[in-house]
Amino acid sequence: QKEVEQDPGPLSVPEGAIVSLNCTYSNSAFQYFMWYRQYSRKGPELLMYTYSSGNKEDGRFTAQVDKSSKYISLFIRDSQPSDSATYLCAMTPSMNTGFQKLVFGTGTRLLVSP
Amino acid sequence: SAVISQKPSRDICQRGTSLTIQCQVDSQVTMMFWYRQQPGQSLTLIATANQGSEATYESGFVIDKFPISRPNLTFSTLTVSNMSPEDSSIYLCSVDGPSGNTIYFGEGSWLTVV
C-alpha cells in the first residue's frame with residue numbers, strides 16, 4: 001500500500017464547476033500538507049500549504065485536512081480552463097531543516113472545458 | 001518564493017552516457033533537494049544536498065549512479081551516470097521556502113534516454 005493515494009483521473013468538468021480533489025494517506029505522523037499544481041512540461045507550483053487539521057482558503061482555492069480520517073481535499077470554485085493541470089498532494093511529518101522529506105501522491109489530472 | 005533555474009530543460013541522451021543537470025537559486029538556501037518524476041509516477045526524493053557536506057541519498061539511490069555537488073549556497077548539480085532508458089524521467093531541483101515551511105521546485109529537466 002502506498003503511503004499517499006491519489007486518483008490519477010482524468011477529472012473532466014465544465015467551466016464554472018466546483019472541483020474536489022482528494023488524497024488519502026496512511027502515516028498518522030504527517031502534519032504538513034501541501035497541494036501543488038503542475039502544468040504540462042513544467043515544474044510543480046505550490047498552491048496551498050496547511051498545518052495539521054482544518055481549512056485554509058485562498059481565493060478560489062480551499063484546502064481541507066481531516067487527520068482523523070487521514071484525508072485531505074482541495075476545492076476549486078468557479079473552475080476555469082486555465083485550471084487544467086495535474087494537481088499533486090504532498091505531505092511530511094516535519095519541516096525541520098535536515099528532516100524534511102515530502103511524500104507525494106501520483107497526481108490527479110484535471111480538465112476544465114470551456 | 002525562490003527563483004530556481006535548471007539546465008538543461010530537456011535533452012535526449014544515448015544509453016551509457018552521463019549527463020549533469022545544473023540548479024541555480026536566486027538566494028542562499030541551506031538545503032537543496034533533487035527529485036525524480038518518472039512517467040505516471042509520483043515525485044520521488046533522490047537526495048538532499050547540504051553545502052559543505054556529502055549528499056544524503058534516499059533508499060534505492062546511490063552516489064555512484066547519481067553523484068551530487070553542492071559547492072555553495074546557491075548552486076547544485078546532479079549527474080545521471082551510465083544512463084539507461086529506465087532513467088528517462090523529469091529531474092527536479094527544489095529548495096526550502098524562506099520561512100522554512102514548504103519547498104519550491106524548478107522547472108525540471110526532461111531527460112529521454114535512447
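See above for the structure.
In this text the structure is predicted, and so the values were computed from the model without any measurement.

### Describing the overall build of chain A
Right, on to step 1. Within chain A, the secondary structure is distributed over zero helices and 11 strands.
Right, on to step 2. Along its sequence from the N terminus, chain A presents helices and strands in the succession β-β-β-β-β-β-β-β-β-β-β.
Right, on to step 3. The C-alpha radius of gyration of chain A comes to 14 Å, within 12% of the 13 Å expected for a compact globule of 114 residues.
Right, on to step 4. Buried residues in chain A amount to 45% of all 114 residues.
Right, on to step 5. Sequence separation of at least 24 residues holds for 55% of the intrachain contacts in chain A that already meet a minimum separation of 6.
Right, on to step 6. Element-wise, carbon and sulfur atoms account for 48% of the exposed surface of chain A, whose accessible area totals about 5500 Å².

### A short note on the state of the cysteines
Right, on to step 1. Scanning all chains against the criterion turns up two disulfides over all chains.
Right, on to step 2. Disulfide pairing is shown between cysteine 23 of chain A and cysteine 89 of chain A; the S-S distance is 2.0 Å. Residues cysteine 23 of chain A and cysteine 89 of chain A share a disulfide whose torsion about the S-S bond is about -105 degrees; that sign makes it left-handed. Placement of cysteine 23 of chain A in strand 3 (residues 19–25) and of cysteine 89 of chain A in strand 9 (residues 85–92) is noted, with a sequence separation of 66 residues between them. Neither cysteine 23 of chain A nor cysteine 89 of chain A differs from the other in exposure class; each is buried.
Right, on to step 3. Paired through a disulfide, cysteine 23 of chain B and cysteine 93 of chain B show a sulfur-sulfur distance of 1.9 Å. Sign of the S-S torsion, about -70 degrees for the bond between cysteine 23 of chain B and cysteine 93 of chain B, identifies this disulfide as left-handed. Pair noted here: cysteine 23 of chain B is in strand 3 (residues 19–25) and cysteine 93 of chain B is in strand 9 (residues 89–96), with a separation of 70 residues, a long-range link. There is no split in this pair, since cysteine 23 of chain B and cysteine 93 of chain B are both buried.
Right, on to step 4. The closest cysteine sulfur to the non-disulfide-bonded cysteine 13 of chain B is located on cysteine 23 of chain B, 18 Å from its own sulfur.

### Description of the sheet that holds strand 1 (residues 4–7) of chain B
Residues and elements named next belong to chain B.
Right, on to step 1. On the basis of which strands lie adjacent, the open sheet formed by four strands has the order 1-3-8-7 and antiparallel pairing. Edge strands, defined here as strands with exactly one partner in the open sheet, are strand 1 and strand 7 (68–72). Along the sheet, successive strands turn relative to each other by an average axial angle of 15 degrees, direction set aside.
Right, on to step 2. The pairing of strand 1 with strand 3 spans four bridges and is classified as antiparallel.

### Concerning the packing of aromatic side chains
Right, on to step 1. Per the stated rule, a full pass over the model turns up 11 aromatic pairs over all chains.
Right, on to step 2. The interplanar angle of 85 degrees and the centroid separation of 5.7 Å between the aromatic rings of phenylalanine 104 of chain A and tyrosine 35 of chain B together place this pair among those described as edge-to-face. Pair noted here: phenylalanine 104 of chain A is in strand 10 (residues 103–104) and tyrosine 35 of chain B is in strand 4 (residues 31–37), and the two residues belong to different chains. Just as phenylalanine 104 of chain A is buried, tyrosine 35 of chain B falls in that class too.
Right, on to step 3. These aromatic residues form a ring-pair network of at least three members: Tyr36 and Phe104 of chain A together with Tyr35 and Phe105 of chain B.
Right, on to step 4. Between the NZ or CZ atom of arginine 41 of chain A and the centre of the ring of tryptophan 110 of chain B, over which it lies, the distance is 5.3 Å.

### Details of the nonpolar core
Residue and element names in this part refer to chain B.
Right, on to step 1. Ranked by size, the top nonpolar core spans 27 residues in total, and within it Trp34, Ile46, Phe66, Ile68, Leu78 and Tyr91 carry the most contacts.
Right, on to step 2. Every element with two or more residues in this core is listed here: strand 3, strand 4, strand 5 (43–50), strand 8 (75–80), strand 9 and strand 11 (109–113).
Right, on to step 3. Counting residues per element, this core draws most heavily on strand 3, which supplies four residues.

### Observations regarding the environment of valine 65 of chain A
Residues and elements named next belong to chain A.
Right, on to step 1. Its location among the elements puts valine 65 in strand 7 (residues 61–66).
Right, on to step 2. According to the relative accessible area criterion, valine 65 is buried, its value standing at 6%.
Right, on to step 3. Apart from the residues lying within four places of it in its own chain, the contact partners of valine 65 are Phe33, Thr50, Ser52, Ser53, Gly54, Tyr71 and Ile72.

### A short note on unusual backbone geometry
Right, on to step 1. A cis amide bond, omega 10 degrees, links glycine 9 of chain A with the succeeding residue proline 10 of chain A.
Right, on to step 2. Structurally, proline 10 of chain A is set in the loop between strand 1 (4–5) and strand 2 (11–14).
Right, on to step 3. In this structure, proline 8 of chain B follows lysine 7 of chain B across a cis peptide bond, with omega equal to -5 degrees.
Right, on to step 4. Here proline 8 of chain B is to be found in the loop between strand 1 and strand 2 (10–13).
Right, on to step 5. Positive phi, normally seen in glycine, also occurs at arginine 41 of chain A, with a value near 65 degrees.
Right, on to step 6. On the secondary structure map, arginine 41 of chain A appears in the loop between strand 4 (32–38) and strand 5 (45–51).
Right, on to step 7. On the basis of relative accessibility, which here comes to 49%, the residue arginine 41 of chain A falls in the partly exposed class.

Rules of the game
Residues numbered from 1 in each chain as written. Chains lettered and ligands numbered in written order. Predicted model: local features only at pLDDT ≥ 70, side-chain atom pairs only at ≥ 80, totals over all residues. Heavy atoms only, no water. Helix = DSSP H or I, 4+ residues; strand = E, 2+ residues; numbered from the N terminus. Rg over C-alpha atoms; globule rule 2.2 N^0.38 Å. Buried < 20%, exposed > 50% of the residue type's maximum accessible area, 1.4 Å probe, protein only. Contact = heavy atoms within 4.5 Å. Areas by Shrake-Rupley, 256 points an atom, 1.4 Å probe, with all protein chains shown as cover. Disulfide = S-S within 2.5 Å. Pairing = 2+ DSSP bridges. Axes fitted to C-alpha atoms, helices over the stretch in contact; angles between N-to-C directions. Phe/Tyr/Trp six-rings, centres within 6.5 Å; stacked < 30°, edge-to-face > 60°. Lys NZ or Arg CZ within 6 Å of the ring centre and 35° of its normal. Core = buried A, V, L, I, M, F, W, Y, C linked by side-chain atoms within 4.5 Å.

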